[in-house]
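Per-entry structural report
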Amino acid sequence: MKQAQTVKLALRAIGMNKLRAFLMMLGVIIGITTLTVIVSVGKGASAKVMKSIQNFGANAVMIFAGGGKVMGPPDEKVNTLTLEDAQAVMQEVKGIRAMDTGLVRLGRTVKYEENNTNTVIYGGTVNYGDAWEWSVESGEYFTEEDMSAMARVAVLGKTVVQELYGDTDPIGTNIRIENVNFKVVGVLSPRGTSPMGMDMDSRIIIPYTTASRRVFNTPYLSIIRIAAADQSQVDRIETDVAALLKERHHIQPGFPEDYRVRGASSVSKMAKGMMGTLNLFLGLVSLISLVVGGIVVMNIMLISVGERVKEIGLRRAVGARKKDIKNQFLIESSLITFIGGILGVLAGLIVAVL
């Protein structure tokens, strides 16, 4: 039998059994849709993680107060970093271009007139913009004079501006932080999400001296931010800083550190490891959905063969070969799978876009 005739018979059989063909397609459509959506989600998540790593800074090294093996927000109850530690790092570790010492408090209420929001209060230095490579969108950072005078001035992140002011210009207005009035002198440029998943634009920067003495009354640091002069030196700086702090904090072998040092490469490896695990999991889910779709096609085709015994017998009686019968069923299943795959990809792309 000619191949064209076999294809014609297969199409006729599909047309005569629309419900059965749709049920076969449904399994494939669901499987391919799931695969497409999962791949899209995985790629989107990977892109978001890589973007957050860029926000962290390719030449950055962070020192967090408190121990632990993963990155996370500093615990305000942990007092293990001091200004002396920061000074020692700056003096003894080579290749540092800029450093900022920070006192961080999370979830603090900030008010402007009748509006209020919960945000991060960051007490930093005049080196904040250089160490974080973070410019102001409008206004300016506080100055050395502000630091010396423990001035009550603040630079706001974009999220804080949107929540407190909407479209109003905040420069020159007054806000209340911990019942202390602060004058807004600048607005940070948008930054996005950190590798820890935090909104970096939801923060307020005030002078460290003001935060330490007037607001939170503590001499300790939450984090130290280092910007390497050369990106290729980040790993060495991370190692040198960890060794120096281990010596200064008298950490004995076998005991956990009371600090965390994380460089850009460490953050990147951590994020890529997490994404590798996520992609493996998503791949297994996709494989299962495709196997289920294949089983659905197989079972319905078996049922179809059982229901069409008379048709097969009649075709054999008029001269059809076993090969012709087999080709017809293979073409039917292939056409249904192909059409279902196309529909599944289209449905998956629509869902992924949404």
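Any two side chains of opposite charge can pair, so long as their charged atoms come close to each other. For the structure shown, the criterion picks out six salt bridges. For Arg-97, the salt bridge is made with Asp-130, and the minimal N-O distance between the two is 2.5 Å. Separated by 33 residues along the polypeptide, Arg-97 in strand 2 (residues 96–112) and Asp-130 in helix 4 (residues 128–132) bring together distant segments of the chain. On the basis of relative accessibility, which here comes to 39%, the residue Asp-130 falls in the partly exposed class. Through salt bridges with shared partners, a single network forms among Arg-97, Asp-130 and Glu-133.

Next up on the list: the side chain of Asp-85. Tracing the sequence through the fold places Asp-85 in helix 3 (residues 83–92). In terms of polar contacts, Asp-85 uses its side chain to reach the side chain of His-249, at 3.0 Å. Ignoring any residue separated from it by four or fewer positions in sequence, one finds Asp-85 in contact with Thr-80, Leu-245, Arg-248 and His-249.

Mapped onto the elements of the fold, Val-37 is located in helix 2 (residues 18–56). For the pair Val-37 and Gly-348, spaced 311 residues apart in the sequence, the C-alpha separation amounts to 5.2 Å. Contact partners of Val-37, with chain neighbours within four places excluded, come to Gly-348, Val-351 and Ala-352.

Each value, and the rule that gives it
- Residues numbered from 1 in each chain as written.
- Predicted model: local features only at pLDDT ≥ 70, side-chain atom pairs only at ≥ 80, totals over all residues.
- Heavy atoms only, no water.
- Salt bridge = Lys/Arg side-chain N within 4 Å of Asp/Glu carboxyl O.
- Helix = DSSP H or I, 4+ residues; strand = E, 2+ residues; numbered from the N terminus.
- Buried < 20%, exposed > 50% of the residue type's maximum accessible area, 1.4 Å probe, protein only.
- Polar contact = N/O pair within 3.5 Å; in protein donor to acceptor, adjacent residues only side chain to side chain.
- Contact = heavy atoms within 4.5 Å.

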